[in-house]
Amino acid sequence: MNFSRRTLLAATGATAVTAATAVMTTAGTAHAAPLADASAENDAEAGAGAAPAAGFGTLLQRAESLLTGGGFDPDDPDFTDAVAALDATAGDLWDTLDRGAGRTALWPDLAPLTDPGNFGQSYTRLRTVATAWATEGTSLAGNAQVAEALVAALRFTHDTAYNPARRETGNWWFWEIGAPRALMDCAVVLRDRLPAADLADYLAVVDRFCPDADRRTNSPTLPETGANRTDKAVIVALRGLLGQDPAKLVSARDALSDVRDSGRNSLFRYTSSGDGFYEDGSFVQHDVVAYTGSYGIVLLSGTAYLLALLAGSEWAVADPKVSVMYDAVERTFAPVIFDGLMMDSVRGRAVSRERAGDHRDGATALAAILLLASGAPAEYATRWRALVKGWLTRNRTTPFEGLATLPQLALAKAVLDDPTVPAGPRSTGSHVFADMDRVVHRRPGWACALSLSSKRISAYEAGNGENLHGWYTGDGMTYLYDGDNLGQFNDGFWPTVDPYRLPGTTVDTRRRTDLGTGAGTSTYRPANTVAGGAVLDGRYGAAAMEVIGGQGTTLRTRKSWFLLDNAVIALGAGITASDGRPVETVVENRNLGTDGRHRLLVDGVRQPVEQGWSGTFGRARWAHVEGVGGYVFPGGTALHALREQRTGTWRAIDTGADTGGGTAPVTRRYLTLWTDHGASPTDARYAVCCCPAHRPRRPRSGRRPGRSGSSPTTAPHRRWRCAGRG
């Protein structure tokens, strides 16, 4: 029998409900009896012989399960750590919640409550407490005092800070997305405890600030796009369920396809400019920023959520072009996920967020893929589950179970416990995402990502206090991922790395001022046109970029990369500047962790491991960093090396209202290799062949490398060949 895609989508709607919520069926005593199911009326109208459509009550119960994890066994050892983590976080929030009659804020660090960032975060904290109250196994579960305090806190926040009479100030996101989403989640969990008048007020404030997902409320002519559209669609859908308003559910569903504007901003289409998915696998948000790993995840998660939430109901998503979202899993997301982590080259300003590292954002992406798989056609879902199982089983650096929420953990457990799902291997190949100036090269044991920029794609995004030191992240920064060490960029890298010496970049050594200290976000697009590359047979890649320095520097250079089976060749030419300052090309700047003493060889000579050591090598031909790989310099180069212990804080790079980092010092050791082109160079160049995961061969004489502090003219062995695992 042949099915059209529309028929197939409709047929799999019930499957989505069953699969996504099988391990999240609501159980336990954490909440009162559910609302009278409004679906009974719908079911009666469906008529004999027809499959009953899920009604409001069923969908509200599903929304709660998608938030709490539903009826898992709290004594199951696979869930105990996640339950304990939720309990600890919610318990601390409960203990510090001001429940006094004369309070002016809910938490002392979020005062005044009228500030958008403060009431936005207050709702988020209330949602955490509410989730714990509704989750069996926590100390707050089913506690009547907790429920009463939550109801009172929601009322207080509405009356004090977030109500229809207020006018938007500050960051629009808190008013139109952050606060209403957390408020609606709270209302879902507490729906049997909320007075009718309170619920009516909360629906009214959502109608005021997020009436639909099609337009920006504070700028009615601005259409919402990408992740922001998805976020708003989820809010409108929850508001529709809580208010039993079919028109709102239609509005939420249709916003995904942008019915209002005839699909112009549909999430299920490829775009050729601005926000959204591109046919080459790129994902862009804010018009010019490569954002697969941040806003892209939000879009994927929100869409998967709505597909699962509305499946089997009269409001189920049935747009056949949803296949664009299905294709994006392997075309857009999988290439930038390495053993479960999300590559930083596509996370934009999110790299500066202490609580959202590459492993955590990767875990969110994996969970979204599994939720999407629960209702996707088998041809997609089978491949995705194998992909995710491989990622889950290989990442033991920061295991998924330590990052996931209970609903996410339930989805992962179902796949891990299923013997019919194989663990997919690491994917290999080269990918050039020309529409967002990113390149990814994957081999069985390692991966390399290049972050480029041009007049089309921003070199960085900063703003709202985020990514204050992102000056050179789009100037050819080279990310080397080793399958044996997944913590390189997740282990305190961003607050401690020297931001003037990012690996792969060629920089003017001038001092820079902090970015993004004002309100709103900003981007910087350089003047160069050249940035991109090509792929041969899906296996080999070539990329190039012209660097034209921004205001305050005359630096110009041409950079290129050749991505092969067991090596990445990086070339630079025409390096020219006239500002009187030194110009450097950074070969490597490796995070060695808190106590790393990785051996460094230069031309076969072992160098000191003490912190603070530095060395200069007049004509180095190769270097090797233990546990990382080798670096070959054809013709030799003037190489500088430095071991240093660097200390910084997350607060120094992110002061955002809801993302700001801590002030506790973070210390990491680094091993840096670079070439100094001198002050005001003219037509300087460099050439380096990076051989990841390779070890140096011993000299034929059998002599071990020496231990001199510099490279002698008669090195024990002066030839290097990239030989080893790819």
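Residues numbered from 1 in each chain as written. Predicted model: local features only at pLDDT ≥ 70, side-chain atom pairs only at ≥ 80, totals over all residues. Heavy atoms only, no water.

Asker: What should I look at first to understand the overall build of the protein chain in this one?
Answerer: Scanning the protein chain for helices and strands turns up 16 helices and 25 strands. Relative to its full complement of 726 residues, the protein chain shows a buried share of 59%. By sequence separation, contacts in the protein chain at least 24 residues apart represent 72% of the contacts at least 6 residues apart. As presented, the protein chain carries roughly 27,400 Å² of accessible surface, and 50% of it is formed by carbon and sulfur atoms. (Helix = DSSP H or I, 4+ residues; strand = E, 2+ residues; numbered from the N terminus. Buried < 20%, exposed > 50% of the residue type's maximum accessible area, 1.4 Å probe, protein only. Contact = heavy atoms within 4.5 Å. Areas by Shrake-Rupley, 256 points an atom, 1.4 Å probe, with all protein chains shown as cover.)

Asker: Looking at this structure, I do not really get the packing of helix α3 (residues 56–68) against helix α11 (residues 295–310). What am I missing?
Answerer: When two helices pack together, their arrangement is given by the angle between the helix axes and by the axis-to-axis distance. As a packed pair, α3 and α11 sit with axes 9 Å apart at the nearest point and diverge in direction by 140 degrees. Taken together, α3 and α11 sit at an angle that is classed as oblique. As α3 packs across α11, the resulting crossing turns out to be right-handed. Contacts between α3 and α11 involve Leu59, Arg62, Ala63 and Leu66 from the first element and Tyr305, Ala308, Leu309 and Leu310 from the second. Here the contact of α3 with α11 is built from residues that sort into 7 nonpolar, no polar and 1 charged. (Axes fitted to C-alpha atoms, helices over the stretch in contact; angles between N-to-C directions. Parallel < 35°, antiparallel > 145°, perpendicular 65-115°, else oblique. Left-handed = near helix turned anticlockwise from the far one by under 90°. Nonpolar A, V, L, I, M, F, W, Y, C, P; charged D, E, K, R; others polar.)

Asker: Where do I start with the packing of aromatic side chains in this structure?
Answerer: For any pair of aromatic rings, the description consists of the separation of the ring centres together with the inter-plane angle of the planes. For the structure on display, the rule yields 26 aromatic pairs. Between Tyr162 and Phe209, the ring centres sit 5.2 Å apart and the planes meet at 20 degrees, which makes this aromatic pair stacked. Taken together, the residues Tyr162 in the loop between α6 (144–160) and α7 (172–189) and Phe209 in helix α8 (residues 196–209) connect sequence positions 47 residues apart. For Phe209, a relative accessible area of 0% translates into the label buried. Arranged with centres 5.0 Å apart and planes meeting at 90 degrees, the rings of Phe493 and Trp494 form a pair that is edge-to-face. Here Phe493 and Trp494 have matching classes, each one buried. Among the aromatic residues, ring-to-ring pairing joins Phe338, Tyr479, Tyr481, Phe489, Phe493, Trp494 and Tyr670 into one connected group. A cation over an aromatic ring shows up here: Arg99 above the ring of Trp94, its NZ or CZ 3.9 Å from the ring centre. (Phe/Tyr/Trp six-rings, centres within 6.5 Å; stacked < 30°, edge-to-face > 60°. Lys NZ or Arg CZ within 6 Å of the ring centre and 35° of its normal.)

Asker: What am I meant to see in the environment of Leu564 here?
Answerer: Relative to the helices and strands, Leu564 resides in the loop between β17 (556–563) and β18 (568–576). Taking the C-alpha atoms as reference, Leu564 lies 9.7 Å from Cys691; in sequence the two are 127 residues apart. Non-local contacts of Leu564, meaning those with residues more than four positions away in its chain, are made with His441, Arg443, Trp446, Tyr540 and Ile569.

Asker: Just to check I follow, could you spell out the environment of Val688 for this structure?
Answerer: The residue Val688 is located in strand β25 (residues 684–692) in this model. Between the C-alpha atom of Val688 and that of Val587, which follows or precedes it by 101 residues, the distance is 7.7 Å.

Asker: Explanation requested: the pairing of strand β8 (residues 429–433) in the structure shown.
Answerer: The two faces of a sheet get side chains in turn, since along a regular strand they alternate between them. Burial runs high along β8: 4 of the 5 residues are buried. Of the pairings in the sheet, the one linking β8 to strand β9 (residues 438–442) comprises 5 bridges and is antiparallel in character. Along β9, the bridge assignment pairs Ser430 with His441. (Pairing = 2+ DSSP bridges.)

Asker: Honestly, the pattern of salt bridges in this entry has me stumped. Any pointers?
Answerer: Close approach of charged atoms lets side chains of opposite charge pair. Throughout the structure, instances matching the rule amount to 39 salt bridges. Salt-bridge contacts for Asp254 lead to Arg253; the nearest nitrogen and oxygen are separated by 3.0 Å. Asp339 is paired through a salt bridge with Arg394; the nearest N and O atoms lie 2.7 Å apart. In this pair, Asp339 is assigned in the loop between β6 (337–338) and β7 (341–342) and Arg394 in helix α14 (residues 378–394), connecting sequence segments 55 residues apart. Residue classification places Arg394 among the partly exposed residues on the basis of a relative accessible area of 23%. Each of Asp76, Asp78, Lys413 and Asp417 takes part in a single network of salt bridges with overlapping partners. (Salt bridge = Lys/Arg side-chain N within 4 Å of Asp/Glu carboxyl O.)

Asker: Please explain α3 as it appears in this structure.
Answerer: Residues spaced three or four apart along an α-helix face the same direction, because each turn holds 3.6 residues. Across its 13 residues, α3 extends 18 Å between first and last C-alpha, which sits within 8% of the 18 Å expected from 1.5 Å per residue. Taken across its 13 residues, α3 has 12 buried, putting it largely inside the fold. (Expected span 1.5 Å × (residues − 1).)

Asker: Just checking my understanding: could you explain the sheet that holds strand β3 (residues 276–277) for this structure?
Answerer: Neighbouring strands of a sheet are bound in pairs by backbone hydrogen bonds; such pairs are parallel or else antiparallel. Spatial strand order, β3-β4-β5: 3 strands in an open sheet with antiparallel pairing. The strands lining the two open edges of the sheet, one partner per strand, are β3 and β5 (289–290). The pairing of strand β4 (residues 283–285) with β5 spans 2 bridges and is classified as antiparallel. When the sheet's bridge partners are listed, Val284 is paired in β5 with Ala290.

Asker: Explain the sheet that holds strand β10 (residues 446–451) here, please?
Answerer: Taken in spatial order, the 4 strands make up an open sheet running β8-β9-β10-β12, and their pairing is antiparallel. This sheet does not close on itself; its edge strands, each paired only once, are β8 and β12 (477–482). Looking at each pair of strands side by side, their axes are set apart by 10 degrees on average, direction ignored.

Asker: Looking at this structure, I do not really get the environment of Asp437. What am I missing?
Answerer: The residue Asp437 is located in the loop between β8 and β9 in this model. Under the relative-accessibility criterion, Asp437 is labelled buried at 1%. In this structure, the C-alpha to C-alpha distance between Asp437 and Gly532, residues 95 residues apart in sequence, is 5.8 Å.

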